[in-house]
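Residues per chain, in single letters:
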Amino acid sequence: MAEFRWQPGQAVSLTIVDPEWGALAQDFYDNGVPVGAERAPPEAGPDFMRALLQRFRMSYYKFVDESG
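Please read all numbers here as calculations on a predicted model, not as lab measurements. (Residues numbered from 1 in each chain as written. Predicted model: local features only at pLDDT ≥ 70, side-chain atom pairs only at ≥ 80, totals over all residues. Heavy atoms only, no water.)

Caption draft 1: Spotlight on the pattern of salt bridges. Applying the stated criterion across every chain yields a total of two salt bridges. When the shortest N-O distance is used, the salt bridge between glutamate 3 and arginine 5 registers 3.4 Å. Judged by relative accessible area, which is 35%, glutamate 3 ranks as partly exposed. Here arginine 50 ties to aspartate 47 by a salt bridge, and the two come within 2.6 Å at their closest N and O atoms. One end of the pair, arginine 50, and the other, aspartate 47, are both in helix H2 (residues 46-52), three residues apart, so they sit about a helical turn from each other. Exposure remark for aspartate 47: the relative accessible area of 43% places this residue in the partly exposed category. (Salt bridge = Lys/Arg side-chain N within 4 Å of Asp/Glu carboxyl O. Buried < 20%, exposed > 50% of the residue type's maximum accessible area, 1.4 Å probe, protein only. Helix = DSSP H or I, 4+ residues; strand = E, 2+ residues; numbered from the N terminus.)

Dropping the structure here:
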């Protein structure tokens, strides 16, 4: 389990709660989120956060927007 946070004017941050279940989040943070043939890096801020919410073909992982 992991948590990504972003606010305007700040970098995306990542907090890993469980290293085993947070491995995919760490990979996305380190290498960017796949978006078509490219990747959105965490430096892209809102584009990175939106990319996390796209539908992935995964059964064990889910990204949820809890921003309110």
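Caption draft 2: Up close: the packing of aromatic side chains. In total, this model carries one aromatic pair according to the counting rule given. Ring geometry for phenylalanine 4 versus phenylalanine 48: centroids 5.3 Å apart, planes at 70°, classification edge-to-face. Residue phenylalanine 4 is found in strand S1 (residues 2-5), and its partner phenylalanine 48 is found in helix H2; the two are separated by 44 residues along the sequence. (Phe/Tyr/Trp six-rings, centres within 6.5 Å; stacked < 30°, edge-to-face > 60°.)

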